[in-house]
Amino acid sequence: FAATAMIAGLGLLAVGCGSSSNAPSGTADNSKNAGSSAQTEKVYNVGSDASYAPFEYVNDKKQVVGFDVDVMNAIAKAEGFKVKYNNTAWDGIFLTLDQNTNDMLISAITITDQRKQKMDFSDPYFEATQMIAYKKGTNLTTLNALKGHTVAVQNGTTGDDIVSKAFGKANSDIKRFDAMPLALQELANGGVDAAVGDNGVVVNYVKNNGAGKFDTAVDPNFPKENYGIAVKKGNTALLNKINDGIKKIKSDGELDKIYEKWFGKKK
Ligand code: ARG
């Protein structure tokens, strides 16, 4: 019995290691898809701030999962490469490309002109916009209405940009947090009047934590945002592979399938 338990224990340990690197379920097949060079096949490091459900979060098995992970896995499978997910804090995440600790980033990252100066982006794979969450009955439905109120954002995001531009960057009504759940928690605690963040994440939070307590609104002036996968500036070889994969999963319906899994049927 003892020996069995020990072997079982080792087995569990091995499984644990595998899942911490969080290889996609299709990994074994990927090597087949890749053809001959299975043994020397490169494993790409993928950085993601996994505190952003439903795009990327850590499940109860300590794996990084979510819409973005499914998208990345599908691209990797289509292109025959392997990926390993590194949970990477948003603050400084872009620097990890130049530091070579991550080859690419998928993290609900909005493609912006400013960011494009420092890194390269794939073609868009998801459309988003900013959304306001506010206490029911307060009617803080527009950026203008928010003026004079305290607003929580995730530091260094497009939500931060929008509020900073409207309020002035140094305005103390803006409360910046390192992770979006902390910003939303502050709203739940009554520490701020509203929070601004990506619509998918705000909707998900209100559904799971604030039903009945919060309302949400999209200011009609909030621009459309597109999520892209970021690579180190000049890494065209990798970028081409990613874009080729995106093209494939768009045309074969895989991206739509993943969308429906996480967000339901497209309206
Ligand atoms: N889309 C927004 C941006 O690019 C927020 C992304 C935050 N992502 C995350 N995983 N925390 O600024």
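Above this text you will find the structure in question.
As the structure is a computational prediction, the values presented were derived from the model and not from experiment.

**With respect to the site of the ligand**
Moving on, step 1. The environment of the ligand is made up of 14 residues, and the closest members are Asp-49, Ala-108, Thr-110, Arg-115 and Asp-198.
Moving on, step 2. In this structure, Ala-108 approaches the ligand through a main-chain N or O atom, which is 2.7 Å from a nitrogen atom.
Moving on, step 3. At 3.2 Å, a side-chain N or O of Gln-154 approaches a nitrogen atom of the ligand.
Moving on, step 4. For the ligand, whose accessible area on its own is 350 Å², the fraction buried by protein is 100%.
Moving on, step 5. Along the lines of polarity and charge, the residues of the shell around the ligand split into 5 nonpolar, 5 polar and 4 charged.

**A short note on the sheet that holds strand β10 (residues 151–154)**
Moving on, step 1. Ordered by their spatial adjacency, 5 strands build an open sheet running β11-β10-β12-β9-β13, and the pairing between neighbours is mixed. A single partner strand is all that each edge strand has here, and the edge strands are β11 (174–177) and β13 (214–217). Put simply, the sheet's adjacent strands are angled 25° from each other on average, direction ignored.
Moving on, step 2. As judged from the 5 bridges shared by strand β9 (residues 130–135) and strand β12 (residues 194–198), these two strands associate in the antiparallel manner. Within β12, the position partnered with Met-131 by the bridge is Gly-197.

About the criteria used
- Residues numbered from 1 in each chain as written.
- Predicted model: local features only at pLDDT ≥ 70, side-chain atom pairs only at ≥ 80, totals over all residues.
- Heavy atoms only, no water.
- Near = heavy atom within 4 Å.
- Polar contact = N/O pair within 3.5 Å; in protein donor to acceptor, adjacent residues only side chain to side chain.
- Areas by Shrake-Rupley, 256 points an atom, 1.4 Å probe, with all protein chains shown as cover.
- Nonpolar A, V, L, I, M, F, W, Y, C, P; charged D, E, K, R; others polar.
- Pairing = 2+ DSSP bridges.
- Helix = DSSP H or I, 4+ residues; strand = E, 2+ residues; numbered from the N terminus.
- Axes fitted to C-alpha atoms, helices over the stretch in contact; angles between N-to-C directions.

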